[in-house]
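Descriptive analysis of the structure
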Amino acid sequence: MKLQGKTAIVTGGASGFGAGIAAKFVAEGARVLIADINGAAAKSMANEIGGGTVSHAANMALGDDVKKLTEAAIDAFGHIDILVNNAGVTHLPAAMEDITEEDFDRVLAVNTKSVFWSAKYIIPHMKSRQTGAVLNVASTAGVSPRPRLSWYNSSKGWMITATKSMAVELAPNGVRVNALNPVAGETPLLKSFMGEDTPEMRAKFLSTIPIGRFSTPQDMGAAAAFLCSDEAGMITGICMEVDGGRCI
Ligand SMILES: NC(=O)c1ccc[n+]([C@@H]2O[C@H](COP(=O)([O-])OP(=O)(O)OC[C@H]3O[C@@H](n4cnc5c(N)ncnc54)[C@H](O)[C@@H]3O)[C@@H](O)[C@H]2O)c1
């Protein structure tokens, strides 16, 4: 029970990695609020996970939504120990000049501005308590980018630098900030990275992962539970590959 007595917000927790992280946190003793733009899916995932998990509909790209989410979490739990900035989207693979401005703005708003809003509304609460753990879900895309996903890759590179910058600034306030860099994973988002879900495309992606399989929500849950627990009390500013050796 690594997270006994802790409270956590997991954004994008209605699906994929976020759902795996939320389920593992509950199994480790945390009380979890799933925040997702898809309120119905968040509610149903909260029910599926059980253990007192609650849900809140929020578009993490919008400041007002993140402000209301912060209030809802404090109402539900009294305080927030852990924030997992996991909500993220991609554009479909294409030459960089063919990606539309609309797609660029959407990817940047969800993958980067959400972190800005969470810093505005959730970090002051953690600073006032002189304790907290933030985990940003970045990607191997920010370390070893694949072609045709340029603006998605760049958004994750931004998140990696944001993680280090937040970590160094918040360390004196007792708030640790780390990131996970997952490799391609078995979630609904995988098809969008591959462009098409065919055996050939899967084989192409798998050939770049030495361990020979896609990552899973359980892999992310295990890594997230450690980094957000007190066992990782001396770890801040790391962006940890959970990638089966892809970035070696
Ligand atoms: N799946 C992969 O291959 C992979 C690899 C590396 C990194 N990642 C990152 O992991 C994170 C989770 O991805 P996933 O694969 O689980 O995707 P997913 O599509 O399964 O889940 C993403 C969740 O985020 C929610 N969401 C989307 N936009 C939102 C917004 N504006 N506000 C709140 N919630 C929003 C969705 O409704 C969904 O429930 C993302 O940040 C993604 O970039 C994924």
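Preceding block: the structure.
Here we summarise the structure given alongside this text. (Residues numbered from 1 in each chain as written. Predicted model: local features only at pLDDT ≥ 70, side-chain atom pairs only at ≥ 80, totals over all residues. Heavy atoms only, no water.)

All right, on to the environment of M220 then. With respect to the secondary-structure elements, M220 resides in helix α9 (residues 217-227). A sequence separation of 17 residues divides M220 from G237, and the C-alpha atoms of the two residues are 17 Å apart. If near-sequence neighbours (up to four positions away) are discounted, M220 is found in contact with F17, I21, L180, P182, S215 and V242. (Helix = DSSP H or I, 4+ residues; strand = E, 2+ residues; numbered from the N terminus. Contact = heavy atoms within 4.5 Å.)

In this fold, N85 is placed in strand β4 (residues 82-85). Using a relative accessible area of 2% as the deciding quantity, one classes N85 as buried. A polar atom in the side chain of N85 sits 2.9 Å from the side chain of N136. Those residues in contact with N85 that lie beyond four places of it in its chain are T11, V115, S118, V134, L135, N136, V137 and M159. (Buried < 20%, exposed > 50% of the residue type's maximum accessible area, 1.4 Å probe, protein only. Polar contact = N/O pair within 3.5 Å; in protein donor to acceptor, adjacent residues only side chain to side chain.)

Moving on, we get to the sheet that holds strand β2 (residues 31-36). Across the sheet, which stays open at both edges, the seven strands sit in the order β3-β2-β1-β4-β5-β6-β7 with parallel pairing between neighbours. Across the chains shown, the open sheet's two edge strands, defined by having one partner strand only, are β3 (54-57) and β7 (239-242). For this sheet, the mean angle separating the axes of adjacent strands, direction not counted, is 20 degrees. As paired strands, strand β1 (residues 7-11) and β2 are joined by five bridges and run parallel to one another. Its bridge partner lying in β2, V10 is registered against I34. Along the sheet, helix α2 (residues 39-49) makes contact with β2 and β3, crossing β2 at roughly 160 degrees. (Pairing = 2+ DSSP bridges. Axes fitted to C-alpha atoms, helices over the stretch in contact; angles between N-to-C directions.)

One finds I21, F25, V32, I82, V84 and L180 to be the most contacted residues of the largest nonpolar core, which totals 29 residues. Elements with a minimum of two residues in this core: β1, α1 (16-27), β2, α2, β4, β5 (132-137) and α9. Counting residues per element, this core draws most heavily on α1, which supplies six residues. Beyond its immediate sequence surroundings of up to four residues, I21 is in contact with V10, V84, V137, P217, M220, G221 and A224. (Core = buried A, V, L, I, M, F, W, Y, C linked by side-chain atoms within 4.5 Å.)

Around the ligand, the structure places 28 residues, and the nearest of them are S15, D36, Y152, G185 and T187. In this structure, a nitrogen atom belonging to the ligand sits 3.0 Å away from a main-chain N or O atom of M60. Taking 830 Å² as the accessible area of the ligand by itself, protein coverage stands at 93%. Broken down by secondary-structure element, the contributors of at least two residues to the shell around the ligand are α1 and α6 (150-170). In the shell around the ligand, the residues fall into 17 nonpolar, nine polar and two charged. (Near = heavy atom within 4 Å. Areas by Shrake-Rupley, 256 points an atom, 1.4 Å probe, with all protein chains shown as cover. Nonpolar A, V, L, I, M, F, W, Y, C, P; charged D, E, K, R; others polar.)

Shape is all these values report; function is a separate question.
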